[in-house]
Amino acid sequence: MAAAVVVANGLKEQEKRAGIDGPTNPMVTPLLTDLYQFTMAYAYWKAGKHSERAVFDLYFRRNPFGGEYTVFAGLEECIRLIANFKFTEDEIAFIQASLPSSCEIGFYDYLRGLDCSDVEIHAISEEFVVFPKIPLMRVEGPVAVVQLLETPLVNLINYASLVATNAARHRFVAGKSKLLLEFGLRRAQGPDGGIGASKYCYMGGFDATSNVAAGKLFGIPLRGTHSHAFVSSFMSPDEITEKSLKSADGSNVCEDFVGLVQAWLSKLKWSKLLGGIFGETNQSELAAFASYALAFPKNLLALVDTYDVMRSGIPNFCAVALALNDLGYKALGIRLDSGDLAYQSCEARKFFQSIEKEFGVPDFGRTSITASNDLNEETLDALNKQGHEVDAYGIGTHLVTCYAQPALGVVFKLVEINNQPRIKLSEDVSKVIREGRLSSCGHYDRGNEPSPKVGERLLCRHPFNESKRAYVVPQRVEELMKCYWPGRSGKDREELPPINLIRERCIKQLEQMRPDHMRRLNPTPYKVSVSAKLYDFIHFLWLNEAPVGELQ
């Protein structure tokens with residue numbers, strides 16, 4: 001699919017040498033933008049301003065989900081678009097039909113020659129923990145081209161960063177030791193939402209996905225069990241015609257695995273420690289578990305709440321798991337998908353531990369318990385407070401739809417044109433743009449202020465509140481903005497890392513955050529300051545651009 005996009009977009013030799021594939025989604029083309037980007041591009045061209053050098057910053061104004069941090073994601077897809085940005089004849093024909101007929105034909109010839117060879121992209125690495133109003137990307141190039149990039153770049157960063165942050169928040173509440181499984185494809189906002197969610201949830205700290213397409217595209221580990229429909233599709237063990245199962249080491253064959261399962265169920269029913277917990281279990285459920293074990297003897301993870309968890313599902317699972325154990329296999333565990341998950345997980349753990357004690361089956365007491373059923377941050381937090389025995393969580397709807405907040409609010413603002421800094425004034429102070437190019441270690445990047453130095457005292461200021469200031473002695477200084485697309489500048493291009501490395505770096509970044517900044521309720525704000533010189537320059541330009549009123 002990506003190859004088809006490359007051919008369709010007519011890559012130049014320079015772009016081919018860059019070795020960057022087209023966007024994962026073939027719908028991400030130069031047409032994935034708002035109409036006003038084309039009307040502005042024409043107006044720039046008509047005025048002879050289209051080649052003027054402009055700098056835009058991409059950032060967001062508030063952290064999502066009431067938190068105090070955000071995980072930056074989506075950069076790779078932006079670079080894929082930029083590397084392959086080229087209009088086809090069909091696309092140009094559509095643009096021509098969509099704009100007023102008064103637009104001159106020369107504009108469309110201009111579009112034919114357009115690419116991103118004169119564009120530079122500097123960005124924070126995809127995986128970093130970031131904060132409001134700090135530039136995530138700086139896009140520099142001819143103003144008409146850069147404006148055409150605005151909408152797709154905002155689109156590609158917005159949801160990616162939102163869902164990666166959502167995943168990181170779920171990971172923080174669940175804890176490091178729990179296995180987190182993304183099960184959201186069926187509830188996601190369309191195929192693209194499902195694919196993107198799987199990718200960025202994995203980046204944000206989830207361990208695996210149920211999404212097979214995402215597994216193929218990105219190499220994300222796949223996990224899956226079976227549904228209630230599979231359990232209820234069986235009527236009795238008599239339906240199972242092929243009952244033989246070879247032992248794990250291949251040394252012998254059990255000719256009647258179903259009979260072995262039933263023998264174990266009888267032992268459990270009359271055991272000293274488990275006696276009275278259950279009577280007759282649902283035999284159709286037993287048939288489903290046995291059938292699944294025959295198909296996947298190394299991967300049995302049974303959904304045990306179709307009928308009754310403690311009086312049927314758990315005993316039936318244990319009978320099948322013990323039969324597998326006799327043949328050298330180890331069942332993976334159970335999944336709880338309804339009811340009181342904390343209580344059920346604790347009772348299931350006691351059941352497993354009793355079996356280990358009475359029948360001497362090593363590690364059976366540690367059989368894995370997975371919980372699902374519309375989980376979110378709040379329910380994970382509640383489970384922690386109640387006490388539970390859950391080892392893994394399958395999370396879907398609230399995770400991938402970002403139910404608690406549907407958008408991040410990414411913006412793309414002009415900060416410089418022809419080497420002149422620009423500022424947007426607003427009645428809302430929080431919307432005032434930090435003009436000029438900002439480096440992500442907080443200094444004003446116009447050559448008149450060096451980077452901070454380790455051990456050298458620095459006056460830091462709140463950008464808008466003059467009373468908030470403090471001296472800081474940096475222990476470490478890191479320039480976060482790196483060149484991911486140099487255009488014709490001759491600068492070295494930062495390589496796009498594989499998703500596994502991005503995920504590792506993201507987890508490491510989050511581990512370095514103070515817990516009070518990351519807690520779910522009333523997190524401590526993370527302070528981001530500007531240097532004294534930048535503070536002075538912001539206010540100088542602000543006063544210089546603001547109109548002066550006149551009292552009558």
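Remember, it's a predicted structure, so these values are computed and weren't measured experimentally. (Residues numbered from 1 in each chain as written. Predicted model: local features only at pLDDT ≥ 70, side-chain atom pairs only at ≥ 80, totals over all residues. Heavy atoms only, no water.)

Asks: What should I look at first to understand the overall build of the protein chain in this one?
Replies: A count of helical and extended segments in the protein chain gives 19 helices and 19 strands. Referenced to the eigenvectors of the C-alpha coordinate spread, the extents of the protein chain come out at roughly 95 × 55 × 50 Å. Across the protein chain, the fraction of contacts at a sequence separation of at least 24, relative to all contacts at a separation of at least 6, is 73%. On the protein chain, the mean spot of the 61 positive side-chain charges and the mean spot of the 66 negative ones are 4 Å from each other. (Helix = DSSP H or I, 4+ residues; strand = E, 2+ residues; numbered from the N terminus. Contact = heavy atoms within 4.5 Å. Lys, Arg positive; Asp, Glu negative; His and termini not counted. Charge placed at Lys NZ, Arg CZ, Asp CG, Glu CD.)

Asks: For this particular structure, what's the right way to read the sheet that holds strand S11 (residues 333–336)?
Replies: Paired through backbone hydrogen bonds, the strands of a sheet run either parallel or antiparallel to each other. Read from one edge of the open sheet, 6 strands run S7-S6-S13-S12-S11-S10, paired in parallel fashion. The two strands at the open ends of the sheet, each matched to only one other strand, are strand S7 (208–209) and strand S10 (301–303). The pairing of S10 with S11 spans 3 bridges and is parallel. Its bridge partner lying in S11, Leu303 is registered against Arg335. (Pairing = 2+ DSSP bridges.)

Asks: Would you mind going over the pattern of salt bridges with me for this structure?
Replies: It is possible for side chains bearing opposite charge to pair when their charged atoms get close. Tallying each qualifying case throughout the model produces 26 salt bridges. Of the charged contacts in the structure, one is a salt bridge between Glu120 and Lys491, with a shortest N-O distance of 2.8 Å. With Glu120 in strand S3 (residues 120–123) and Lys491 in the loop between strand S18 (482–485) and helix H17 (499–511), this pair connects stretches of sequence that are 371 residues apart. Overall, the relative accessible area of 9% leaves Glu120 in the buried class. For Lys491, a relative accessible area of 41% corresponds to the partly exposed category. The residue Arg349 makes a salt bridge to Glu389 at a minimum N-O spacing of 3.1 Å. Of this pair, Arg349 sits in helix H14 (residues 341–359) while Glu389 sits in the loop between helix H15 (377–386) and strand S13 (392–395), and the two are 40 residues apart along the sequence. By relative accessible area, Arg349 is classed as buried at 5%. (Salt bridge = Lys/Arg side-chain N within 4 Å of Asp/Glu carboxyl O. Buried < 20%, exposed > 50% of the residue type's maximum accessible area, 1.4 Å probe, protein only.)

Asks: How should the UniProt feature "domain: Nicotinate phosphoribosyltransferase N-terminal" (unreviewed entry) in the protein chain be read in this particular structure?
Replies: Sites flagged by UniProt as "domain: Nicotinate phosphoribosyltransferase N-terminal" (unreviewed entry) map to residues 31–158. As annotated, residues 31–158 comprises 44% helix and 17% strand, and the C-alpha atoms at either end are separated by 18 Å. (UniProt positions renumbered as here; feature names shortened; annotations may be inferred.)

Asks: Could you clarify how one ought to interpret the sheet that holds strand S15 (residues 420–421) in this entry?
Replies: The strand order S15-S14-S1-S5-S3-S18 describes an open sheet built from 6 strands, whose pairing is antiparallel. Strand pairing shows two members of the sheet lacking a second neighbour, S15 and S18, which therefore form its edges. Note that strand S14 (residues 410–417) and S15 share 2 bridges and pair antiparallel. By the bridge assignment, Ile417 is partnered in S15 with Gln420. Strand contacts of helix H4 (residues 75–83): S3, strand S5 (137–142) and S18, with the helix running at about 45° to S18, the strand carrying the most contacts. (Axes fitted to C-alpha atoms, helices over the stretch in contact; angles between N-to-C directions.)

Asks: For this particular structure, what's the right way to read H15?
Replies: Three or four residues apart is the spacing at which side chains of an α-helix point the same way, because the helix has 3.6 residues per turn. Residues of H15 that are buried: Glu377, Leu380, Asp381 and Leu383. The buried residues of H15 occupy one face: seen down the axis, they fall within an arc of 160°. Along H15, exposed side chains directed more than 90 degrees from the buried face belong to Glu378, Lys385 and Gln386. Tucked inside the fold, the buried residues of H15 contact helix H7 (143–174), H14 and S13. Measuring from the backbone nitrogen of Glu378 back to the side-chain oxygen at the start of H15 gives 3.1 Å, which picks out Asn376 as the cap. Count one or two residues on from H15 and you reach Gly387, which has phi positive near 90°. (Arc of directions from axis to C-beta. Polar contact = N/O pair within 3.5 Å; in protein donor to acceptor, adjacent residues only side chain to side chain.)

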